[in-house]
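Chain by chain, the residues:
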Amino acid sequence: MFRTGVVVKIDKNKVTVALEEKDECEGCEFSRFCNVSKGGRRILCNNKKNVKVGDLVEVGSKGKNILLAGVFNFLIPILLVVVGIIIGLKIWKSELISFLLGISLLILYFLVFKFIDRWFINTGRIIPEILGVLELGNLTVCASCGKTIRRGDSIKREFEDNDLFFCSDECANRFN
Ligand SMILES: [Zn+2]
């Protein structure tokens, strides 16, 4: 239910966390919040723990959000299909039309839901939170492999006006 990462940017009450692992996006419940770009995976979180850049933190969502996600992802869609079929059967008495109505409602719902979800994320209404601080300090993640490293021991390269940090020469050279 949580991921670890390093705080890389602070913006008022929001923080950007670089997630440690680079792969396994699929099936990760945070993938919709995650910004995958050159330099790794970034995730925007609420900063309720007053963390600083370089802290190793745990990010996650509170139980309430997970429950809501279950309602929106499963319960409402199933209800919509059932309602669509019942209405279709009552009005047209045709199983095919009822079925198509149910499916249309479902597709419409997901389109609207996606739009609202985006809006919620963009306005920062539903975003993950910092659940805990694992280590205070001068940490960062390798922009190439995603490993947690000390800023002091890392190799710094400038890339399109951004300072990027790497764990090794190999990783720095691989990144371009
Ligand atoms: Zn690396």
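Please refer to the structure placed before this passage.
None of the values given here were measured: they were computed from a predicted structure.

*Asks:* Can you lay out helix α2 (residues 95-122) for me, pointing to particular residues and giving the numbers?
*Replies:* In this model α2 runs 40 Å from its N-terminal to its C-terminal C-alpha over 28 residues, within 8% of the 40 Å that 1.5 Å per residue would give. Considered for burial, the residues of α2 that qualify are Ser98, Gly102, Tyr109, Phe113, Asp117 and Ile121. Where α2 begins, the capping side chain belongs to serine 94, and its oxygen is found 3.4 Å from the backbone nitrogen of leucine 96.

*Asks:* Which residues make up the packing of aromatic side chains, and what values go with them?
*Replies:* Applying the stated criterion across every chain yields a total of 2 aromatic pairs. Summarising the aromatic geometry, the rings of tyrosine 109 and phenylalanine 110 are spaced 5.5 Å apart at their centres and angled 65 degrees between planes, so their arrangement reads as edge-to-face. Given the relative accessible area of 14%, tyrosine 109 is considered buried. Ring plane angle 20 degrees and centroid distance 5.8 Å describe the contact between tyrosine 109 and phenylalanine 113, whose orientation is recorded as stacked. Of this pair, tyrosine 109 and phenylalanine 113 both sit in helix α2, 4 residues apart, roughly one helical turn. Of the two residues examined, tyrosine 109 and phenylalanine 113, each falls in the buried class.

*Asks:* I'd love a proper account of the coordination of the zinc ion, names of residues and values included.
*Replies:* In an ideal octahedron of six donors the angles at the metal are 90 or 180 degrees, and in an ideal tetrahedron of four donors they are 109.5 degrees. Protein-derived coordination of the zinc ion comes from Cys142 (SG), Cys145 (SG), Cys167 (SG) and Cys171 (SG), at a distance range of 2.3 Å. With 4 donor atoms in place around the zinc ion and angles of 104 to 114 degrees between them, the coordination shape is tetrahedral. As a motif over one chain, the donors of the zinc ion read C-x2-C-x21-C-x3-C. Of the two residues, cysteine 145 sits in the loop between β7 (139-141) and β8 (148-150) while cysteine 171 sits in helix α3 (residues 169-174), which places them 26 residues apart along the sequence.

*Asks:* Explain the nonpolar core to me, and be specific about the residues and the numbers.
*Replies:* Proteins that are soluble and globular tend to have nonpolar side chains buried together. With 15 residues, the main nonpolar core has Val15, Val17, Ile43, Cys45, Val57, Val59 and Ile130 as its most contacted residues. Of all elements in the fold, only β2 (14-19), β4 (40-46) and β5 (56-60) reach the threshold of two or more residues within this core. No other element matches the 3 residues that β2 contributes to this core. With sequence-adjacent residues up to four places away left out, cysteine 45 is seen in contact with Asn13, Lys14, Val15, Val17, Val59, Ile127, Pro128, Glu129 and Ile130. One finds Cys142, Leu164, Ala172 and Phe175 within the second-largest nonpolar core, a separate group that totals 9 residues.

*Asks:* Before we move on, can you summarise the pairing of strand β1 (residues 2-11) with the specific residues and values?
*Replies:* Walk down a regular strand and you will see the side chains alternate between the two sheet faces. In this structure, β1 lies alongside β5, joined through 5 bridges in antiparallel fashion. The residue of β5 that forms the bridge with phenylalanine 2 is glycine 60. When β1 meets β2, the two strands line up antiparallel, connected through 6 bridges. Bridge pairing in β2 links glycine 5 to leucine 19.

*Asks:* Tell me what's going on with the pattern of salt bridges, and back it up with residues and numbers.
*Replies:* Inspection of the entire model under this criterion finds 2 salt bridges. Across the pair glutamate 135 and arginine 150 runs a salt bridge whose closest N-O atoms are separated by 2.5 Å. Within this pair, whereas glutamate 135 is found in strand β6 (residues 129-135), its partner arginine 150 is found in strand β8, the two being separated by 15 residues in sequence. Assessed through its relative accessible area of 38%, arginine 150 is described here as partly exposed.

*Asks:* Give a detailed account of a nonpolar patch on the surface, specifying residues and quantitative values.
*Replies:* Taken together, the side chains of Val83, Ile87, Ile91, Trp92 and Ile97 define a hydrophobic patch exposed on the protein surface, amounting to about 450 Å² of accessible area. In terms of residue count, the dominant contributor to the nonpolar patch is helix α1 (residues 63-91) (3 residues). Here tryptophan 92 shows up in the loop between α1 and α2. By relative accessible area, tryptophan 92 is classed as partly exposed at 45%.

Parameters and conventions
Residues numbered from 1 in each chain as written. Predicted model: local features only at pLDDT ≥ 70, side-chain atom pairs only at ≥ 80, totals over all residues. Heavy atoms only, no water. Helix = DSSP H or I, 4+ residues; strand = E, 2+ residues; numbered from the N terminus. Expected span 1.5 Å × (residues − 1). Buried < 20%, exposed > 50% of the residue type's maximum accessible area, 1.4 Å probe, protein only. Polar contact = N/O pair within 3.5 Å; in protein donor to acceptor, adjacent residues only side chain to side chain. Phe/Tyr/Trp six-rings, centres within 6.5 Å; stacked < 30°, edge-to-face > 60°. Donors = N, O, S within 2.8 Å, 3.2 Å for Na, K, Ca; no water. Tetrahedral: all angles 85-135°; square planar, octahedral: opposite > 155°, others 65-115°. Core = buried A, V, L, I, M, F, W, Y, C linked by side-chain atoms within 4.5 Å. Contact = heavy atoms within 4.5 Å. Pairing = 2+ DSSP bridges. Salt bridge = Lys/Arg side-chain N within 4 Å of Asp/Glu carboxyl O. Patch = residues over 30% accessible without salt bridge, like charges linked within 9 Å, V, L, I, M, F, W, Y side chains within 5 Å. Areas by Shrake-Rupley, 256 points an atom, 1.4 Å probe, with all protein chains shown as cover.

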